[in-house]
Amino acid sequence: MDSQVEEIKRKVDIVSLISESVQLKKAGRNYKGLCPFHSEKTPSFMVNPERQIFKCFGCGEGGDVLSFVEKNERASFPEALKLLADRVGVKLKQTAPDPAEKQKDTFFKINAAAAELYHYILTKHAKGKQALEYLKARGIVPAAVKDFKLGFAPAVEGFVTGYLIKKGFSPAELIASGISLPSQRSKNPYDRFRGRIIFPIHDAQGRTVGFSGRILGSGEPKYLNSPDSLIFNKSNSLFGIDLARGEIGKSKKAILVEGNLDVVSSHQAGVTNTVCPLGTALTEAQVELIKRYAEEIVLAFDSDGAGISASKRAIELAENQGMAVRVSELGNFKDPDEMIRTEPKSWQKATEEATSVYEFIIASSLKRWSGQGVDGKRRVVAEVLPYLKGLTDPMQLEQYLQSLSDRLGVRIETVRSQLTVGAKTEQKLAEEPSPKRGTQLEEYLLALVLSSEKLEIDIAEAWFEKAETKALLSLFQEEFDHKGKLKVKEILKHLPESLTSKFDEVLLQDVEEKFLENPEALQKELLLTTRRCQKLFLKKQMQLLSLAIKQAEAAKEQERLTKLTNRFRDISQKLSTLDQSS
Ligand SMILES: [Zn+2]
């Protein structure tokens, strides 16, 4: 099998494969185009024919021909392999079916059959009448019942179990799939879901992976989910993802609500990019799933205390993964469902005009501490500032400080003075990458070195921040000192495994044609980029020194202070010489 994978990878040409769905332009040793995996206006999607790899410097997707097909066609690995094998005329050897794959297949079949039965009971059978009435009273229309394939599980012990056994599934399979529970009294298992409205949970491809059952009438728990199984993992599934996927991809935005019914009524109101986690806090895996289709998350959780803290957690998770987040204003409604039933138009507006996360945090904190005088105001400031400290854009920071002080009725200077307690913001600002080339400056510099095929210019390892780029630099130096020339093929011969992915990233850098055609221009760009690297390094040194100076001042350590200020002056002189020469 492995050798077949290699054979197929060798035979497929990555440039012509990707060209079928992305318009590629030659760019030096690479090809570039607009990324098919995120929306962008300037190309950051690079393809390298030498190594048969691709990478997008905008969203980070990357890999070989197989991973491209997996992502682009949303295919599994075996499916992608089959597609490419057919393309280059390789006949795949049959492998024995994997027992786990077989079991997964059985579980999908069990769930599909159960979902059909539940849906039939709800929509056509007398036993489902009461549940259907309930949904109608909640404002759910028949079309939504059909789209979401909602169902009803009657309060009968062996209802779906008996049906599935008749269809040929074994009791053991039914228990393992989670649809049935083992019985103490009988050899046959019994139904997990009884007397519940059934919301089938689908994966992005629309396969039924599990169920969420809401009790009809009173009883505990209100919601019951299928247990995790080979095909279902509660913490990486999202209810509604199969129906919402298309619109999320188009709008690049996902609306996140708390409950299944919120999702159904939101879709019904025309906001079809809505999904929800399954009764638990949002997880990293769920954010990753959304990120495959969207760039932004709009949170519309319930407006109670639990909803607000769930929002705060979700904001942190999503921002950590580089997604934009906004929060919907639900006004006086307790959840989206209530808002949609009363004012469907306001719901659309609320999702479109969602406010910034920071306004949301300010508003919810003010709400919590309102009417508590100076002490309340102090608490609001203490609660909100840690979030604002995370802002790297000074204009934005100013705007929210203003908003906070206005709403507190406090002078902005007073609020700002609290912000500078601790030097956190200063550090945060210092970490901002240089605008040109962003976080890829080191890789770009190495790419220029590779393009020039020599390393005669002085580049210090210390200027680099990343361990891998440092290691590559010293590898290039060694190679050049040894052979007098830098050739990709030669470097690949003794490139350690641990550095291949960084090396590929360097190869995939976009070095403009005008530099490649003209050695003089290339040399100039190389020099400029080297200086930029050095300057960035010096600036960071100065920032560290200024912190140390402040500490020495506070501690009244005169001797240390003199040393530090001297060093600070030296570096700043060096920096201004560099500034003048570039
Ligand atoms: Zn991309």
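Numbers given to residues run from 1 along each chain, matching the order in which its sequence is written. Where local features are concerned, this predicted model is filtered to residues with pLDDT of at least 70; where side-chain atom pairs are given and counted, the filter is 80 or more; whole-chain, interface and lining totals use all residues. Excluding hydrogens and water, the side-chain values take into account all heavy atoms of the structure.

(A) Examining the sheet that holds strand S13 (residues 274–275) more closely. Sheet architecture is open: five strands sit in the order S13-S12-S14-S15-S16, paired in mixed fashion. Only two strands of the sheet have a single neighbouring strand rather than two, namely S13 and strand S16 (355–356). Paired strands, in this sense, are two strands between which DSSP finds at least two bridges. Only DSSP runs of H or I with at least four residues qualify as helices, and only runs of E with at least two residues qualify as strands; both kinds are numbered from the N terminus onward. As defined by bridge partners, strand S12 (residues 253–257) adjoins strand S14 (residues 296–300) across five bridges and the pair is classed as parallel. The partner of Leu256 across the bridge, within S14, is Leu299. The strands touched by helix H15 (residues 344–352) within the sheet are S12, S14 and strand S15 (324–327), with S12 carrying the most contacts at an inclination of about 120 degrees. We call two residues in contact whenever any of their non-hydrogen atoms come within 4.5 Å of each other. Lines are fitted to the C-alpha atoms to define the axes, a helix being fitted only along its stretch in contact, and any angle between axes, read from their N-to-C directions, falls within 0 to 180 degrees.

(B) Region of the structure containing the UniProt feature "coiled-coil region" (unreviewed entry) in the protein. UniProt positions are given in the numbering used here, feature names are shortened, and annotations may be inferred rather than shown by experiment. UniProt's entry tags residues 538–574 with the feature "coiled-coil region" (unreviewed entry), counted in the numbering of this structure. Taken as a whole, residues 538–574 contains 92% helix and 0% strand, while its terminal C-alpha atoms sit 8 Å from one another.

(C) Highlighting the UniProt feature "zinc finger region: CHC2-type" (unreviewed entry) in the protein. In this numbering, the UniProt entry assigns the feature "zinc finger region: CHC2-type" (unreviewed entry) to residues 35–59. Spanning residues 35–59, this segment combines 0% helix with 32% strand, and its end C-alpha atoms are found 8 Å apart.

(D) Geometry of the domain arrangement of the protein. Residue ranges assigned to each domain were obtained from an automatic or database domain assignment. Taken as a whole, the protein is organised into domain 1 (2–88), domain 2 (103–232), domain 3 (241–353), domain 4 (363–430) and domain 5 (438–581). On a C-alpha basis, the centroid separation for the pair domain 2 and domain 4 is 49 Å.

(E) The arrangement of the nonpolar core in detail. We call a set of buried residues a nonpolar core when its members are Ala, Val, Leu, Ile, Met, Phe, Trp, Tyr or Cys and they connect through side-chain atoms within 4.5 Å of each other. Residue exposure (1.4 Å probe, protein chains only): buried if accessible area is under 20% of the type maximum, exposed if over 50%, otherwise partly exposed. By size, the foremost hydrophobic cluster in this structure holds 53 residues, and its most contacted members are Tyr118, Leu164, Ile179, Phe239 and Trp347. The element contributing the most residues to this core is helix H5 (residues 99–124), with ten residues. Counting contributing residues, this core receives three or more from each of domain 2 (103–232) and domain 3 (241–353). With residues near it in sequence (within four places) discarded, Phe239 still touches Phe148, Phe199, Pro200, Ile201, Asn260, Val263, Val264, Val275, Cys276 and Leu278. Counting 46 residues, the second-largest nonpolar core is a separate cluster that includes Val287, Val325, Leu385 and Ile412.

(F) How the structure looks around the pattern of salt bridges. Basic side-chain nitrogens of Lys or Arg form a salt bridge, by our definition, when they fall within 4 Å of a carboxyl oxygen of Asp or Glu. This structure, assessed with the given rule, holds 35 salt bridges. The closest approach of N and O atoms between Arg560 and Glu557, which form a salt bridge, is 3.6 Å. Members of the salt-bridge network, linked through shared partners, are Glu443, Lys466, Lys502 and Glu505.

(G) Structural context of the pairing of strand S4 (residues 53–56). Across the two faces of S4 the burial is the same, with Ile53 and Lys55 and Phe54 and Cys56 all buried. Across four bridges, strand S3 (residues 45–48) lies against S4 in antiparallel orientation. Along S4, the bridge assignment pairs Val47 with Phe54. Remark: four residues form the turn of the hairpin made by S3 and S4, two consecutive strands paired antiparallel; Gln52 in that turn has positive phi of roughly 55 degrees. As paired strands, S4 and strand S5 (residues 62–63) are joined by two bridges and run antiparallel to one another. Following the sheet pairing, Phe54 is matched in S5 by Gly63.

(H) Structural view of the sheet that holds strand S1 (residues 25–27). One open sheet holds the five strands; their spatial order is S1-S2-S3-S4-S5, and the pairing between them is antiparallel. In this open sheet, the two edge strands, each paired with only one partner strand, are S1 and S5. In the sheet, S1 pairs with strand S2 (residues 30–33) via three bridges, with the strands oriented antiparallel. Counterpart to Lys25 in the pairing with S2 is Lys32.

(I) A look at the packing of helix H16 (residues 357–368) against helix H17 (residues 373–388). Orientation of H16 relative to H17, taken along the N-to-C sense of each, is 165 degrees, at an axis distance of 9 Å. It follows from the interaxial angle that H16 and H17 lie roughly antiparallel. Of the two elements, H16 crosses H17, and the hand of that crossing is right-handed. Between H16 and H17, the contacting residues are Tyr358, Ile361, Ile362, Ser365, Leu366 and Arg368 on the first element and Val380, Glu383, Val384, Tyr387 and Leu388 on the second. Throughout this entry, Asp, Glu, Lys and Arg are counted as charged residues, while Ala, Val, Leu, Ile, Met, Phe, Trp, Tyr, Cys and Pro are counted as nonpolar. The remaining residues, Gly among them, count as polar. A breakdown of the residues in the contact of H16 with H17 according to their chemical character gives eight nonpolar, one polar and two charged. Relative orientations are named as follows: roughly parallel for angles under 35 degrees, roughly antiparallel for angles over 145 degrees, roughly perpendicular for angles from 65 to 115 degrees, and oblique for any other angle. By convention, the crossing between two helices is left-handed when the near helix turns anticlockwise from the far helix through less than a right angle, and right-handed when the turn is clockwise.

(J) Focus on unusual backbone geometry. With omega at -15 degrees, the peptide bond leading from Glu220 into Pro221 counts as cis. Relative to the helices and strands, Pro221 is located in the loop between strand S10 (208–215) and strand S11 (223–225). Its identity as a non-glycine residue notwithstanding, Gln52 has a phi of 55 degrees, on the positive side. Mapped onto the elements, Gln52 comes out in the loop between S3 and S4. Phi is positive for Glu453, which is not a glycine, with a value near 60 degrees. As for its position among the elements, Glu453 is in the loop between helix H21 (441–452) and helix H22 (467–483). Residue classification places Glu453 among the partly exposed residues on the basis of a relative accessible area of 24%.

(K) The arrangement of the environment of Glu288 in detail. Take Glu288: it is sitting in helix H12 (residues 284–291). Judged by relative accessible area, which is 44%, Glu288 ranks as partly exposed. For Glu288 and Leu317, which are 29 residues apart along the polypeptide, the C-alpha to C-alpha distance reads 9.9 Å.

(L) Inspection of the environment of Lys109 at higher detail. Residue placement: Lys109 occurs in helix H5. Residue class for Lys109 comes out partly exposed when judged on its relative accessible area of 49%. Taking C-alpha positions, Lys109 is 9.9 Å from Val209, a pair spaced 100 residues apart along the chain.

(M) Local environment of the coordination of the zinc ion. Note on donors: an N, O or S atom is included if it sits within 2.8 Å of the metal, or within 3.2 Å for Na, K and Ca, and water is never included, so sites can look incomplete. Surrounding the zinc ion are the protein donor atoms Cys35 (SG), His38 (ND1), Cys56 (SG) and Cys59 (SG), which sit 2.1 to 2.3 Å from the metal. Every angle between 85 and 135 degrees makes a four-donor site tetrahedral, while opposite donors more than 155 degrees apart, with all other angles between 65 and 115, make a four-donor site square planar and a six-donor site octahedral; other sites are irregular. Taken together, the four donor atoms surrounding the zinc ion define angles of 103 to 118 degrees at the centre, an arrangement classified as tetrahedral. Each donor residue of the zinc ion belongs to the same chain, and together they define the spacing C-x2-H-x17-C-x2-C. In this pair, His38 sits in the loop between S2 and S3 while Cys56 sits in strand S4, placing the two residues 18 residues apart along the sequence. Assessed through its relative accessible area of 16%, His38 is described here as buried.

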